[in-house]
Amino acid sequence: RAYFEQHGCRFTAVIPTNVFGPHDNFNIEDGHVLPGLIHKVYLAKQTGSALTIWGTGKPRRQFIYSLDLARLFLWVLREYDEIEPIILSVGEEEEVSIREAAEAIVEAMDFRGELVFDTTKADGQFKKTASNAKLRHYLPSFQFTPFRQAVKETCAWFSTNYANARK
């Protein structure tokens, strides 16, 4: 804001929620939540072992598909003229639990093994809800890719590109 007031240049910040999609960082230790889970499911399927997820699976998150985020970034660059930040996220009503996310990945990857939630491990923060009201004000009809479809596309990309994926 100060830079705008002093120099008249319009800069802003965009704040995305939990991003996932093709070309992501699928590292189990330091990647995003969903790509890390995708990698864990892939490995469990390959080895025939159980899939163990830390915590109860109850915490809820808003996930945004990287291809949707890319479309929104282009809109911000071309159309968004405010200096105040904007949150780029699916709506609060589209939050999914870690359990639901894991189940979507299990389904997308046709994993038939056991799904175990290690409740001796901490869940972390229960919710990290972000409002997309400002985004919806500007783009009320923006269509996000349905979560399960985005997960399926990401899992397919990862499986096809396993040898070269960041992991």
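Please refer to the structure placed before this passage.
K.L.:
Explain helix α3 (residues 66-78) here, please?
P.N.:
Because an α-helix completes one turn every 3.6 residues, residues spaced three or four positions apart along the sequence face the same direction. For α3, built from 13 residues, the straight-helix expectation of 18 Å at 1.5 Å per residue is met to within 8% by its first-to-last C-alpha distance of 18 Å. Packing partners of the buried residues in α3 comprise β1 (14-16), β2 (18-20), β5 (63-65), β6 (86-88) and α5 (133-138).

K.L.:
Is there a simple way to explain helix α6 (residues 147-160) in this structure?
P.N.:
Here α6 contains 14 residues, and its C-alpha end-to-end distance of 20 Å stays within 8% of the 20 Å for a straight helix at 1.5 Å per residue. Residues of α6 that are buried: A150, V151, T154, C155, W157 and F158. Seen from one end, α6 has its buried residues packed into an arc of 160°, which puts them on one side. Residues of α6 that are exposed and point over 90 degrees away from its buried face: K152 and T160. Those residues of α6 hidden inside the fold are in contact with β2, α2 (33-47), β5 and α4 (98-108).

K.L.:
Explain the pairing of strand β3 (residues 51-54) here, please?
P.N.:
For a regular strand, side-chain orientation follows a simple rule: the groups alternate between the two sheet faces. The alternating pattern of β3 places L51 and I53 on a buried face and T52 and W54 on a face that is not buried. One ladder, built from four bridges, connects β3 with strand β8 (residues 115-118); its direction is parallel. Each residue of the ladder has a partner; that of T52, found in β8, is V116.

K.L.:
I would appreciate a short explanation of unusual backbone geometry in the present structure.
P.N.:
Among all residues save glycine, negative phi is the norm, and among peptide bonds the norm is trans. In the Ramachandran plot, H23 falls in the positive-phi region, its phi being about 70° despite a non-glycine side chain. Following the sequence through the fold, H23 ends up in the loop between β2 and α2. Its identity is not glycine, yet D110 carries a phi of approximately 50°, on the positive side. On the secondary structure map, D110 appears in the loop between α4 and β8.

K.L.:
Help me out: how do you make sense of the environment of R148 in this one?
P.N.:
Assignment of secondary structure puts R148 in helix α6. In this structure the C-alpha to C-alpha distance between R148 and E103, which are 45 residues apart in sequence, comes to 9.7 Å.

K.L.:
When you look at the side chain of T154 in this model, what are you seeing that I'm missing?
P.N.:
Relative to the helices and strands, T154 is located in helix α6. With relative accessibility at 0%, the residue T154 sits in the buried group. Ignoring any residue separated from it by four or fewer positions in sequence, one finds T154 in contact with F20, G21, P22, F26, I38 and Y65.

K.L.:
Is there a simple way to think about the packing of α2 against α6 in this case?
P.N.:
Think of two packed helices as two axes; the pair is described by the angle between the axes and how far apart they sit. With their axes 11 Å apart at the nearest point, α2 and α6 run at an angle of 55° to one another. Here α2 is positioned oblique relative to α6, judged by the angle of their axes. Relative to α6, the crossing made by α2 is right-handed. From α2, L34, I38, H39 and Y42 reach across to α6, where they touch F147, T154, C155, F158 and S159.

What counts and how
Residues numbered from 1 in each chain as written. Predicted model: local features only at pLDDT ≥ 70, side-chain atom pairs only at ≥ 80, totals over all residues. Heavy atoms only, no water. Helix = DSSP H or I, 4+ residues; strand = E, 2+ residues; numbered from the N terminus. Expected span 1.5 Å × (residues − 1). Contact = heavy atoms within 4.5 Å. Buried < 20%, exposed > 50% of the residue type's maximum accessible area, 1.4 Å probe, protein only. Arc of directions from axis to C-beta. Pairing = 2+ DSSP bridges. Axes fitted to C-alpha atoms, helices over the stretch in contact; angles between N-to-C directions. Parallel < 35°, antiparallel > 145°, perpendicular 65-115°, else oblique. Left-handed = near helix turned anticlockwise from the far one by under 90°.

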